Amino acid sequence: MSAVLAVALATALAGCSSTGGKRAEERAAKAAQGRAAVDTPRWTFAMVTHSGDGDTFWDIVQNGAKQAAVKDNIKFLYAHDVEGNKQAQNVQAMIDQKVDGLIVTLAKPDAMKDVVEKAKKAGIPVITVNSGSEESKKFGALTHIGQDETIAGEAVGDELNNRGKKKAVCVLHEQGNVGHEQRCAGVKKTFKGDLENLYVEGTNMPGVQSSLEAKLQSDRDIDAVVTLGAPFAPTAVKAAQQAGSKAEIDTFDLNEKVAAALQDGSLGFAVDQQPYLQGYEAVDLLWLYKYNADVLGGGRPVLTGPQIITKDDAKALADYAKRGTR
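What counts, and at which threshold
Residues numbered from 1 in each chain as written. Predicted model: local features only at pLDDT ≥ 70, side-chain atom pairs only at ≥ 80, totals over all residues. Heavy atoms only, no water. UniProt positions renumbered as here; feature names shortened; annotations may be inferred. Salt bridge = Lys/Arg side-chain N within 4 Å of Asp/Glu carboxyl O. Helix = DSSP H or I, 4+ residues; strand = E, 2+ residues; numbered from the N terminus. Buried < 20%, exposed > 50% of the residue type's maximum accessible area, 1.4 Å probe, protein only. Expected span 1.5 Å × (residues − 1). Contact = heavy atoms within 4.5 Å. Phe/Tyr/Trp six-rings, centres within 6.5 Å; stacked < 30°, edge-to-face > 60°. Lys NZ or Arg CZ within 6 Å of the ring centre and 35° of its normal. Pairing = 2+ DSSP bridges. Right-handed = clockwise from strand over helix to strand, strands pointing away.

- The protein goes by Sugar ABC transporter substrate-binding protein in an unreviewed UniProt entry, where it is assigned to Streptomyces luteireticuli.
- The heading Subcellular location (unreviewed entry) in the UniProt record of the protein holds the text "Cell envelope".
- In its Sequence similarities (unreviewed entry) section, UniProt records this for the protein: "Belongs to the bacterial solute-binding protein 2 family."

This is how it looks when you write it as C-alpha cells:
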C-alpha cells in the first residue's frame, strides 16, 4: 500500500510541476509576443514624473514600464513636467480620470504632498520612483523604487578617492530637486578632497557648457567633474576640451552615449541606478497590489542602485544601452 501511495503522489507532483511549468512558459511566450500574460482586468496605471523634455533617462524608465504593462494587461499613461506645480497638476488630471494606480516622482516633494494625499483619499494606490525615498512613506505611498541618493553620492566620493582626485565640481542642473542636492551632499561626505557645487540651467545646454567651461578655466586645480544626468556628460566633456582642462568627467546614470564614452575613455565612470528596472518594477508592483495586495520593501525603499560602471563594465552593457534598457 505504501508503495502504491508513493507512486501516486509522485505522479501527482509531476503532473502539478508539468502544469505549472507549461503555464509559466505560456505566460513568457505571450509577453514575448506583445500579449498580456495574465487574465486580470485591464487596469489603467499612470506615471507622472519631473522629467524635462528630451531626457533619455526617462525614455529608459518608460521602456521598462511599458514592457511590464504589456505583460500585466495594463493601459499605461505618462505625463511629465520639470516644474513641481505643473507636475502636481498632471497628477490631479490622472486622479480626475480615475486611474487605477499612480506612479510618481517626488523631486519637489512640497509641491507633490497634497496631490498624493488626494490620490490616497480617492482610493488610488501610489508608488514612488527615482526621487523622494525619504518622503515616500510619510506621504503614504506603498513603496519607493530607486536608489538612495545620499548613498549613491557617497559611492561617487569613494570612487573619486580611489582615483586620487583632489578637487571636484558637482554640477546641479535642476534647482530645487532634493535628490540632486542629496547626491552632491553624499559626494561631499566621503570625498577627501575639495568639492564645490555648480548650479546651471539644465534646459539650456549651451549655457551649461559655457558655465562649466568658465569654471574650469578659472580654476585649473579642478581634476574631476561630476554631472548628475547622462545627457549632461557629453556637454561636460566638450566644456573641458574647450577650457583646456584635464579634469576627468564622471556622471550619474547610463545611456548609449555614456556607455560608448566609457569605452573610449572620454568618461571616467558612471553611476547606474537601472532606470528600466524602476519603470518595470513600479508597474509590476502596482499590478501585484491590485491583484493580490502584495507590497515589497517592508517600509523601506526597494533599491535599484547605485552601481559604479567603468570602462571594464561598459562593453558588456553597451548592447543593452543601445536597445534602451540600460
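**What to know about the pattern of salt bridges**
Part 1: Taken as a whole and assessed by the stated rule, the structure comprises 12 salt bridges.
Part 2: Across the salt bridge formed by E154 and K189, the nearest N and O atoms sit 3.3 Å from each other. On the criterion of sequence distance, the pair formed by E154 in helix 6 (residues 149-162) and K189 in helix 7 (residues 178-190) is long-range, its members being 35 residues apart.
Part 3: Given the relative accessible area of 64%, K189 is considered exposed.
Part 4: Here E196 and K215 are joined by a salt bridge, their closest N and O atoms 2.8 Å apart. On the criterion of sequence distance, the pair formed by E196 in strand 7 (residues 194-199) and K215 in helix 8 (residues 205-218) is long-range, its members being 19 residues apart.
Part 5: Overall, E196 belongs to the partly exposed group, its relative accessible area being 35%.

**Overview of helix 3 (residues 84-96)**
Part 1: Over its 13 residues, helix 3 runs 19 Å from end to end, which matches the ideal 18 Å to within 8%, given 1.5 Å per residue.
Part 2: Looking at the buried positions of helix 3, the neighbouring elements they touch are strand 1 (44-49), strand 2 (75-80), strand 3 (101-104) and helix 4 (109-121).
Part 3: Count one or two residues on from helix 3 and you reach K98, which has phi positive near 60 degrees.

**Here we look at the packing of aromatic side chains**
Part 1: In the structure shown here, the tally under the stated rule is 3 aromatic pairs.
Part 2: Seen from their ring centres, F57 and W58 are 5.1 Å apart, and the 75 degrees between their planes marks the pair as edge-to-face.
Part 3: Residue W58 is classed as buried on the basis of its relative accessible area of 4%.
Part 4: Taking the ring centre of W287 as reference, the NZ or CZ of K71 above it sits at 6.0 Å.

**Brief notes about the pairing of strand 7**
The side chains of a regular strand alternate between the sheet's two faces.
Part 1: Relative to strand 7, strand 6 (residues 167-172) is paired through 6 bridges, and the arrangement is parallel. Within strand 7, the position partnered with V169 by the bridge is E196.
Part 2: As for the winding sense of the linkage, the β-α-β connection from strand 6 through helix 7 to strand 7 is right-handed.

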